Amino acid sequence: MALLTVTELKSNWLNIGDSSQDTRLQALINQAGAMIDGICKQPIVQTTGPYDFLGSHHQTQLLPYTVTTTLTSLQYKEDVLDAAWTTATGAIIVKADGIYQVYYEDGLTYPVWRANVTVGYTDATCPYDIKNVCGEMVLELFKNTDFSGRENRIGLQSVASAEGGTTTTTIYKDLTSRFRSRLAPYIVRAWI
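None of these values were measured; they are calculated from a predicted model. Starting from 1, residues in each chain are numbered consecutively following that chain's sequence as written. Local features in this predicted model are restricted to residues whose pLDDT is 70 or higher, and side-chain atom pairs enter the listing and the counts only when it is 80 or higher, whereas totals over whole chains, interfaces and linings include all residues. The side-chain values count all of the structure's non-hydrogen atoms but skip hydrogen atoms and water molecules.

## Some remarks on the sheet that holds strand β3 (residues 69-77)
What counts, and what does not: At least two DSSP bridges between two strands are required for those strands to pair. In this text, helices come from DSSP runs of H or I with a minimum length of four residues, and strands from runs of E with a minimum of two, each type numbered from the N-terminal end. For helices, the axis comes from a line fit to the C-alpha atoms of the stretch in contact; other axes are also lines fit to C-alpha atoms, and the angle between any two N-to-C directions lies between 0 and 180 degrees.
Reading across from one edge, β1-β7-β3-β4 is the order of the 4 strands in this open sheet, with antiparallel pairing throughout. Since the sheet does not close on itself, it has two edges, and those belong to β1 (47-54) and β4 (86-88), each with one partner. Within the sheet, the average angular offset between the axes of one strand and its neighbour, ignoring direction, is 30 degrees. Direction of pairing for β1 relative to strand β7 (residues 112-119): antiparallel, over a ladder of 8 bridges. What sits directly across from Thr 48, in β7, is Thr 118.

Here it is as structure tokens:
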């Protein structure tokens, strides 16, 4: 999955009319998605996987995600050394005060638990602010390749040139802080 499609990228950010760069653009979209995941300290690009935790004898367990999270299954081990997981039926995900939690009415009484979850967004469900940052990141990544003219970069800070072909200096500013501030609502703060 990706946060944005190649078609959206070409029409909204790059104005490319043919498909000659599609494979490269998809790779850059994936790279930008990984960068966004890293900045936010949680999966923003939709992924499926386990979240393991210890039993607490409570009915709920906080999850470390603030983005869309769905529960595929809840499993437990009766003993830490057990090789196999047993599936618990009736568990659900609840969201309270912006925090996703696993809720299991019978209580999380066994020593080891695993919540199999799907976390993050697809191109169809991605909020526009994240999609916009992803598009701008890909634009910057694309402009750094040999396949672009390198002009019209968002990070262009200054260009200086001298007559007679003596020197040309182009300075780009680091956009990480700009992207980080725009992604701030999605950055995980430690509460667990």
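Back to the text.
## Concerning the sheet that holds strand β6 (residues 99-103)
The 3 strands are arranged β2-β6-β5 in an open sheet whose pairing can be described as antiparallel. Each edge of the open sheet is held by one strand with a lone partner, namely β2 (60-62) and β5 (92-96). Between one strand and the next, the sheet's axes are offset by a mean angle of 35 degrees, whatever the strand orientation. The sheet contact formed by β5 and β6 spans 5 bridges and is antiparallel. From the neighbouring strand, Ile 92 faces β6, where its bridge partner is Tyr 103.

## Side note on the pattern of salt bridges
What counts, and what does not: Between Lys or Arg on one side and Asp or Glu on the other, a salt bridge is scored when a side-chain nitrogen of the former is within 4 Å of a carboxyl oxygen of the latter. To sort residues, take the accessible area from a 1.4 Å probe on protein chains only and compare it with the maximum for the residue type: under 20% means buried, over 50% means exposed, and anything in between is partly exposed.
Counted under the stated rule, the structure contains 5 salt bridges. As a salt-bridge pair, Lys 10 and Asp 22 come within 2.9 Å of each other at their nearest N and O atoms. Of this pair, Lys 10 sits in helix α1 (residues 6-14) while Asp 22 sits in helix α2 (residues 22-40), and the two are 12 residues apart along the sequence. Owing to a relative accessible area of 11%, Lys 10 belongs among the buried residues under this scheme. One network of salt bridges, with partners in common, ties together Glu 136, Arg 178 and Arg 182.

## Some details on the packing of aromatic side chains
What counts is decided by this rule: In summary, the pairing rule links any two rings of Phe, Tyr or Trp, Trp by its six-membered ring, whose centres are within 6.5 Å, and it sorts them by plane angle into stacked for under 30 degrees, edge-to-face for over 60 and tilted for everything else.
Taken as a whole and assessed by the stated rule, the structure comprises 6 aromatic pairs. Here the aromatic rings of Tyr 76 and Tyr 110 are separated by 4.1 Å at their centres, their planes lie at 5 degrees, and the arrangement is stacked. Of the two residues, Tyr 76 is situated in strand β3 and Tyr 110 in the loop between β6 and β7; the sequence distance between them amounts to 34 residues. Consider the rings of Tyr 110 and Trp 113, whose centres lie 6.0 Å apart with planes at 45 degrees: the pair is tilted. For Trp 113, a relative accessible area of 0% translates into the label buried.

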